[in-house]
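Working through the structure, step by step
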Amino acid sequence: MSGELSSVCSKAIGDAKDDLNHLSSEIWKNPELAFQETHAHNVLTDFLENKGFKVERNYIKKTGFRATYGSGDGEGVHVCVMCEYDALPSLGHAAGRNLSSEASVAAALGIQAAIKQQQKLGKVTVLGTPATEGGGGKLDMINEGCFDGIDFAMLAQPLNENIAAPVTLNILRVRVNYSGKAAHASTQPWEGKNALDAAVACYSNVALMRQQIKPTWKINGIITNGGLKPNIIPEETEMLFYLRAPEQTDLMFLQQRATACFVAAAKATGCEVNFEFLDKPYHNVVHNSVLANLYKKHAEALGLQFSTDEEVLQCSTGSTDIGNVSHVVPCVYPAFDIKTQAPIHTQAFTEASSAPEAQQPVLQCAQAMAMTALEVMQQSTLMSDIKNEFETIDALHTPVIAGTNPFP
């Protein structure tokens, strides 16, 4: 790999570090929920446009965007770096997506600087993907053909470990409704059918089922509507469950087990049950090992130390719609340590995602992503290896149309 281009790439990221930190802070200080990320959309697109990218705002979704730089004539490699920027209810950026966006934009600046030196390297696209937290913005973009013509895609997630290819799980969401009959809870309770009892029985059934499922399978749920007043027997209740498993076949089996729990609670309480498995299931991330190994090599050269603990390496980091992207184009989705022991989706992680200590690792991660892309763009054999691995692995997976529910 050209040392001159590497230096140009690193310098571009280093020169922009204060602006990048400000960009991340703006997103962090203004947390926005899925498909409502107006401020994040605006600051990101303004930033990229000012840096010379051709920007398409409100792309596919109101808070989506696409920013490109480089040749559009098909010469060279077309690399995509994705941005995520939605927050969590009440917690703000407890998944650190302000840092994820910062890393992607920084990597894009490094790649852009190299392309300025050698146009034949190809093209870089920054794709703003809203609503990772359940809304599946990337699935909408897949269905609209946004990844057509892209050779590979990258995104990084803040965590408390450095992992080149973290494990993620397939996820299926289901909404469960119980319908009973209202009655006065103290004067004529025998006239009612208690939908809250059905919800509680359902929750208990699921909790008991967890004892006999594999440790890699997960099912979590909440009661989103438990009734109106204590002296009225609840007529309607609603629950929301997330089902997760490493493989789609496992998830289908877990779906069957969960369905039995839902139905049994209705029978036991005399209520009616209606359940809907929601569209936009997320699939597990299929990391491209060529890209993951390149990223790890460059990250280690920059001083990042990767976990060797097998328990850490095999532990799931959750579910994400980049999993669906990884079934469409080759992907790498590394995790980088932001110098905190706080677990994600906690208030402590929210605070850590804005701390000064996170800035060095996020820029190191960005530089490693840029160097990974740059090495592939300069060596055609690497791109061939990436595509060959993707085609081989993809042949082993059942094709799924993004944005639809493949489960019966």
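Here the structure is a predicted model, which is why all the values come from computation and not from measurement. (Residues numbered from 1 in each chain as written. Predicted model: local features only at pLDDT ≥ 70, side-chain atom pairs only at ≥ 80, totals over all residues. Heavy atoms only, no water.)

1. Concerning the layout of surface pockets
As a volume, the largest pocket reaches approximately 570 Å³. For the largest pocket, the lining is made up of 31 residues, of which Gln 157, Thr 317, Gly 318, Ser 319 and Ile 344 are closest to its centre. Among the elements that make up the lining of the largest pocket, the one with the highest residue count is strand S6 (residues 157–159) (three residues). Of the residues assigned to the lining of the largest pocket, the class counts are 13 nonpolar, 12 polar and six charged. What the second largest pocket holds in volume is close to 340 Å³. Tallied by class, the residues present in the lining of the second largest pocket amount to four nonpolar, three polar and six charged. (1 Å grid on protein atoms, 1.4 Å probe; cavity = no way out; pocket = protein on both sides within 12 Å on 5 of 7 lines; lining within 4 Å. Points joined across faces, edges and corners; volume = space filled by probe spheres on them. Helix = DSSP H or I, 4+ residues; strand = E, 2+ residues; numbered from the N terminus. Nonpolar A, V, L, I, M, F, W, Y, C, P; charged D, E, K, R; others polar.)

2. Some words on the packing of helix H2 (residues 17–29) against helix H3 (residues 38–50)
It is the contact of H2 with H3, at a shortest axis distance of 9 Å, that shows an interaxial angle of 165°. Considering the angle they form, H2 stands roughly antiparallel to H3. The hand of the H2/H3 crossing is right-handed. Here H2 contributes Asp 19, Leu 20, Leu 23, Glu 26 and Ile 27 to the contact with H3, which in turn contributes His 39, Ala 40, Val 43, Leu 44 and Phe 47. Residue classes in the contact of H2 with H3 are distributed as seven nonpolar, one polar and two charged. (Axes fitted to C-alpha atoms, helices over the stretch in contact; angles between N-to-C directions. Parallel < 35°, antiparallel > 145°, perpendicular 65-115°, else oblique. Left-handed = near helix turned anticlockwise from the far one by under 90°. Contact = heavy atoms within 4.5 Å.)

3. Focus on the side chain of His 78
In this fold, His 78 is placed in strand S3 (residues 77–83). Within the structure, the side chain of His 78 is placed 2.7 Å from the side chain of Thr 125, a separation counted as a polar contact. What His 78 contacts, discounting residues up to four positions off in sequence, is Lys 123, Thr 125, Gly 149, Ile 150, Asp 151 and Phe 152. (Polar contact = N/O pair within 3.5 Å; in protein donor to acceptor, adjacent residues only side chain to side chain.)

4. Some thoughts on the packing of aromatic side chains
Going through the model one piece at a time under the given rule, you end up with seven aromatic pairs. For the ring pair Phe 65 and Tyr 85, a centre distance of 6.0 Å and an interplane angle of 15° mean the geometry is stacked. In this pair, Phe 65 is assigned in strand S2 (residues 65–70) and Tyr 85 in the loop between S3 and helix H4 (97–117), connecting sequence segments 20 residues apart. For the pair shown, Phe 65 and Tyr 85 are each scored as buried. Ring geometry for Tyr 295 versus Phe 306: centroids 6.2 Å apart, planes at 85°, classification edge-to-face. In this pair, Tyr 295 is assigned in helix H8 (residues 289–301) and Phe 306 in the loop between H8 and helix H9 (310–314), connecting sequence segments 11 residues apart. (Phe/Tyr/Trp six-rings, centres within 6.5 Å; stacked < 30°, edge-to-face > 60°. Buried < 20%, exposed > 50% of the residue type's maximum accessible area, 1.4 Å probe, protein only.)

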